[in-house]
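Chains, contacts and geometry: an overview
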Amino acid sequence: MRLLLVEDDPRTADYVVRGLSEAGHICDLLRDGRDGLFAATRDAYDVIVADRMLPGLDGLSMIKAVRAAGVRTPAIFLTSVGGVDDRVEGLEAGGDDYLVKPFAFSELLARINALGRRPAAQEQKTTLRIGDLEMDLILRRVTRQGQAIDLQPREFSLLEVLMRGEGRVITRTMLLERVWDFHFDPKTSVVETHISRLRAKIDRPFETALIHTVRNTGYSLHASS
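Given the structure is predicted, the values throughout are model-derived calculations rather than measurements. (Residues numbered from 1 in each chain as written. Predicted model: local features only at pLDDT ≥ 70, side-chain atom pairs only at ≥ 80, totals over all residues. Heavy atoms only, no water.)

With that out of the way, let us pick up the pairing of strand β2 (residues 26-30). Here strand β1 (residues 2-6) pairs with β2 via five bridges, running parallel. Residue pairing across strands places leucine 3 opposite cysteine 27, the latter belonging to β2. Between β1 and its parallel partner β2, the chain crosses via helix α1 (residues 10-22), and the hand of that crossover is right-handed. (Pairing = 2+ DSSP bridges. Helix = DSSP H or I, 4+ residues; strand = E, 2+ residues; numbered from the N terminus. Right-handed = clockwise from strand over helix to strand, strands pointing away.)

Here the domain parsing of the protein chain yields domain 1 (2-116) and domain 2 (127-221). The C-alpha-based centres of domain 1 and domain 2 are spaced at 41 Å. (Domains from an automatic or database assignment.)

Moving on, we come to the pattern of salt bridges. Once their charged atoms are close, side chains differing in charge can pair, the charge on each being opposite to the other. Within this structure, the stated rule accounts for 15 salt bridges. Between glutamate 107 and arginine 111 there is a salt bridge, with the nearest N and O atoms lying 2.7 Å from each other. With glutamate 107 and arginine 111 both in helix α5 (residues 105-117), this residue pair falls four residues apart, about one helical turn. Arginine 111 gets classed as partly exposed once you look at its relative accessible area, which sits at 24%. (Salt bridge = Lys/Arg side-chain N within 4 Å of Asp/Glu carboxyl O. Buried < 20%, exposed > 50% of the residue type's maximum accessible area, 1.4 Å probe, protein only.)

What follows is about the UniProt feature "modified residue: 4-aspartylphosphate" (unreviewed entry) in the protein chain. Within this numbering scheme, the UniProt entry marks Asp51 as carrying the feature "modified residue: 4-aspartylphosphate" (unreviewed entry). Within the fold, aspartate 51 resides in the loop between β3 (47-50) and α3 (59-68). The class of aspartate 51 is buried, set by a relative accessible area of 5%. In contact with aspartate 51, not counting residues within four places along its chain, are Val6, Glu7, Asp8, Gly59, Leu78, Thr79 and Lys101. (UniProt positions renumbered as here; feature names shortened; annotations may be inferred. Contact = heavy atoms within 4.5 Å.)

This part covers the sheet that holds strand β11 (residues 211-214). One open sheet accounts for three strands, arranged β10-β12-β11; its pairing is antiparallel. A strand with exactly one partner marks an edge of an open sheet, and here the two such strands are β10 (170-171) and β11. Here β11 runs beside strand β12 (residues 218-221); their pairing, made up of four bridges, is antiparallel. Residue histidine 212 lies in a different strand from β12, and its bridge partner there is serine 220. Contacting β11 and β12, helix α8 (residues 190-202) crosses the sheet at an angle of about 145° to β11. (Axes fitted to C-alpha atoms, helices over the stretch in contact; angles between N-to-C directions.)

Below, the discussion takes up the packing of aromatic side chains. Tallying each qualifying case throughout the model produces three aromatic pairs. Measuring from centroid to centroid gives 6.2 Å for tyrosine 15 and phenylalanine 103, while their planes differ by 45°, and the two rings are tilted. Of this pair, tyrosine 15 sits in helix α1 while phenylalanine 103 is found in the loop between β5 (97-100) and α5, placing the two residues 88 residues apart along the sequence. The exposure class of tyrosine 15 is partly exposed, given its relative accessible area of 36%. Using a relative accessible area of 17% as the deciding quantity, one classes phenylalanine 103 as buried. Summarising the aromatic geometry, the rings of tyrosine 15 and phenylalanine 105 are spaced 6.0 Å apart at their centres and angled 70° between planes, so their arrangement reads as edge-to-face. Here tyrosine 15, found in helix α1, pairs with phenylalanine 105, found in helix α5; they are 90 residues apart in sequence, far enough to count as distant. Phenylalanine 105 gets classed as buried once you look at its relative accessible area, which sits at 14%. (Phe/Tyr/Trp six-rings, centres within 6.5 Å; stacked < 30°, edge-to-face > 60°.)

The following block contains the structure:
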């Protein structure tokens, strides 16, 4: 495998590079977080190994930026910061594993090999399409038959939930939870009001309705067969 090691401690870096090379891997060594970020987003690696405490840019921020750039290369933190909260923070930042110094090289190698065997993560959809309706999740833009449709943020979220559940019945309770983060019934017509507004923009100007009411249950978005 081709590996990226971002480690500023000379002894640790030399020890890891030598061991990985002996195990048959190609290892690029960088000692600065900014350089690591540039390399990780420019070149293709099988696994990234990064210290948390780095000059230029700390390892946590580096991996966050790598993930924000859309790079899904598996990453393992190799660090002396080993509290439970620190490990959780590292994993939530986008790390896939966390190994605390001092460590046995055999364990590091086993963890790297395990990460390298993982199937590549499927790329997340950035565009949803149903019939002639299209939603760009990056630009947060909706069009139908090529015509731009102006949606308020809540309307966009509501439509996204319906489109992701294409053809399935999405209940009122599910919409309250996913769009409004309500885990109780607010006893209002907020869902019905927003569905009506969404229909006025998505359906009424066009010949074919996409949003369908399922009586006493919820709603379903699908193109006519």
